[in-house]
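Survey of secondary and tertiary structure
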Amino acid sequence: EVGAAVPADQKQGWGQFLKSIATFSGDLSSMTAPSFILSPVSLVEFPAYWGEHPSQFAEIAKGKDEVERMVLVLKWFIGTLKGQFTARNTSMGSEKKPLNPILGELFLGKWGDKDGRGDTTLVAEQVSHHPPITAYHIENAKAGVTLEGHCAQKTSFSGRAINVKQVGHAMMRVKTASMANEELYLITLPNLVIEGLWYGSPYVELTGTSYIQSTSGLLTTLTYTGKGYFSGKSHSFKASIGAGGSSLYNIEGEWAGVSKYKGKSLSGGKDDVFWDANTPREEIHVDDVDSQGDMESRKVWKTVANGIRTGDYDTASRDKARIENEQRNKRKDEAANGTPHQLEHFVHVDDDQEYRQLAAKFGGKPANEDAYRRKPRVH
Ligand code: CLR
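So, the overall build of the chain
Assigned secondary structure in the chain consists of 7 helices and 18 strands. Relative to the compact-globule value of 21 Å for 379 residues, the chain shows a C-alpha radius of gyration of 21 Å, a close match. With the C-alpha coordinates aligned to their principal axes, the bounding extent of the chain is approximately 60 × 60 × 40 Å. When contacts within the chain are restricted to residue pairs at least 6 apart in sequence, those whose partners lie at least 24 apart make up 54%. Taking the average place of the 45 positive charges on the side chains of the chain and the average place of its 47 negative ones, the gap between the two points comes to 4 Å.

Focus: the site of the ligand
For the ligand, the set of nearby residues contains 17 residues, the closest of which are Q84, F85, R88, E95 and Q166. A distance of 2.5 Å separates an oxygen atom of the ligand from a polar side-chain atom of Q84. Bound to the protein, the ligand loses 97% of the 610 Å² it would expose on its own. Listed by contribution, the elements that provide at least two residues to the shell around the ligand are α1 (11–23), α3 (66–92), β6 (145–157), β7 (162–167) and β10 (191–195). Top element by residues in the shell around the ligand is α3. It accounts for 3 residues. The residue inventory of the shell around the ligand, partitioned by class, reads 11 nonpolar, 3 polar and 3 charged.

Observations concerning the pairing of β6
Of the pairings in the sheet, the one linking strand β5 (residues 132–140) to β6 comprises 7 bridges and is antiparallel in character. For A135, the partnering residue across the bridge sits in β6 and is H150. In the sheet, β6 pairs with strand β8 (residues 170–174) via 5 bridges, with the strands oriented antiparallel. In the sheet register, L147 faces β8, and the bridge partner there is M172. As paired elements, β6 and β7 share 6 bridges and run antiparallel to each other. Bridge pairing in β7 places F157 opposite I162. Between β6 and β7, which follow one another and run antiparallel, lie 4 residues, and G159 among them has a positive phi close to 115 degrees.

A look at α3
In this model α3 runs 40 Å from its N-terminal to its C-terminal C-alpha over 27 residues, within 8% of the 39 Å that 1.5 Å per residue would give. Between a side-chain oxygen at the N-terminus of α3 and the backbone nitrogen of V67 the separation is 3.2 Å; the capping residue is D65.

A closer look at the packing of helix α5 (residues 302–310) against helix α6 (residues 313–337)
Each pair of packed helices gets described by two things: the angle between the helix axes and the distance between those axes. Contact pair α5 / α6: the axes reach a minimum separation of 7 Å and the direction vectors enclose 155 degrees. The orientation of α5 with respect to α6, classified from their angle, is roughly antiparallel. In the packing of α5 onto α6, the handedness of the crossing is left-handed. Contact residues: T303, V304, G307 and I308 in α5; Y313, T315, A316, D319, K320 and I323 in α6. Its residues placed into classes, the contact of α5 with α6 shows 5 nonpolar, 3 polar and 2 charged.

Digging into the side chain of H169
The topology assignment puts H169 in the loop between β7 and β8. Given the relative accessible area of 3%, H169 is considered buried. Polar contacts involving the side chain of H169 include one to the side chain of E369, which spans 2.5 Å. Not counting residues within four places of it along the chain, the set of residues in contact with H169 comprises Y136, E148, G149, H150, L186, I187, L189, D352, Y355, E369 and D370.

Remarks on the environment of K165
Within the secondary structure layout, K165 lies in strand β7. Sequence-wise, K165 and H345 are 180 residues apart; in three dimensions their C-alpha atoms are separated by 26 Å. For K165, the contacting residues outside a window of four places in its chain are A152, Q153, K154 and N191.

Here's the deal with the packing of aromatic side chains
The full count for this structure, using the stated rule, is 12 aromatic pairs. Ring centres 5.9 Å apart and planes at 65 degrees place the aromatic pair F57 and W76 in the edge-to-face group. Within this pair, whereas F57 is found in helix α2 (residues 54–59), its partner W76 is found in helix α3, the two being separated by 19 residues in sequence. Looking at W76, the relative accessible area reads 1%, which means it is buried. Taking the centre distance of 4.4 Å and the plane angle of 35 degrees together, the rings of Y211 and F362 count as tilted. With Y211 in strand β11 (residues 203–214) and F362 in the loop between α7 (353–361) and β18 (371–374), this residue pair connects regions lying 151 residues apart in the sequence. By relative accessible area, Y211 is classed as partly exposed at 24%. You can call F362 buried: its relative accessible area is 16%. An aromatic cluster of three or more residues is present, and its members are W50, F57, W76, F77 and Y136. Between the NZ or CZ atom of K75 and the centre of the ring of F274, over which it lies, the distance is 5.4 Å. Above the plane of the ring of Y249 lies K264, whose end atom (NZ or CZ) is 4.7 Å from the centre.

Conventions we followed
Residues numbered from 1 in each chain as written. Predicted model: local features only at pLDDT ≥ 70, side-chain atom pairs only at ≥ 80, totals over all residues. Heavy atoms only, no water. Helix = DSSP H or I, 4+ residues; strand = E, 2+ residues; numbered from the N terminus. Rg over C-alpha atoms; globule rule 2.2 N^0.38 Å. Contact = heavy atoms within 4.5 Å. Lys, Arg positive; Asp, Glu negative; His and termini not counted. Charge placed at Lys NZ, Arg CZ, Asp CG, Glu CD. Near = heavy atom within 4 Å. Polar contact = N/O pair within 3.5 Å; in protein donor to acceptor, adjacent residues only side chain to side chain. Areas by Shrake-Rupley, 256 points an atom, 1.4 Å probe, with all protein chains shown as cover. Nonpolar A, V, L, I, M, F, W, Y, C, P; charged D, E, K, R; others polar. Pairing = 2+ DSSP bridges. Expected span 1.5 Å × (residues − 1). Axes fitted to C-alpha atoms, helices over the stretch in contact; angles between N-to-C directions. Parallel < 35°, antiparallel > 145°, perpendicular 65-115°, else oblique. Left-handed = near helix turned anticlockwise from the far one by under 90°. Buried < 20%, exposed > 50% of the residue type's maximum accessible area, 1.4 Å probe, protein only. Phe/Tyr/Trp six-rings, centres within 6.5 Å; stacked < 30°, edge-to-face > 60°. Lys NZ or Arg CZ within 6 Å of the ring centre and 35° of its normal.

So, to be careful, I would describe these as geometric facts and stop short of saying anything about function.
Here is the structure:
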């Protein structure tokens, strides 16, 4: 039944929302949606999913050579997918529409040390509002592992699903005392399909191909598939780690479940378990809202989020309108005074050379992309 999961009084609104998606081009985040589909969490928080297995993140630096390190990068990457793409279904019953971050909105937090792995810190900043772009920097200085990247989305409607192309990339840097040079890993991002729309219960499936290309020359190719008409399990992937066309390790399974080596494993075994997505995620530690700075996400959206959580949608939409108004005025003043908004933690890099060189190794598209680099810090 169409809209079976939609509250009775919102079925009409949901139908209208779907119709407007079908004819709308551009950015979904700016569309008004029925209240049952609203999430109280801003998109600027999403980079935290990359860090929710801090031990795996730190572990990457323990690989004894570039092959081991690539295997560990892949394991950490796969480990993030369940959170990135199924967490809202688990916590809120379906995928929901996140809050659209304001320009300069920040999400700051950390995962504390445990068993000597070191602290892992996150800095995320909304570096563009139109189109929405979020930049992030995750670092475990003790381990020598850093992840920096940005993400934006291009959406289109297929008739029954929303196709989301992820724009942007992530760059991982690994440097330990025993390594002569820093190793870089260019991580490209998979495409998403949002299904379950007619039902009113959206969820994400991953499709297509993504890559992890290292300066060591190793390349991991990932392909994603969902439930086929006749066969196939949802949330599935295959990964192949190779060097110069020959494959060293093959892994397959479910990114939200169990995956296994196909054949030889790193430890010398056969068909061993690679990653079990039931491994608990560690939630990031964030300051209390009341001690947060004015641009910090949970402070900015406090009243809106509270309204959404308690079903007080009038208060939520009134405060959302207040915030958006304030933003419009800020932009006007900046234009009038010739003082454009300044990024707080990042520097915009036009045509990033590290991206260009690594993408060229696997014929990556696009050939060039911008980047956002963490500003040098004064200690
Ligand atoms: C953001 C970057 C993260 C991975 C990720 C997960 C889910 C994606 C989100 C990204 C972008 C925004 C997104 C969301 C799923 C649904 C939501 C595409 C890529 C859209 C804007 C919501 C549409 C509204 C429907 C629920 C009807 O690393």
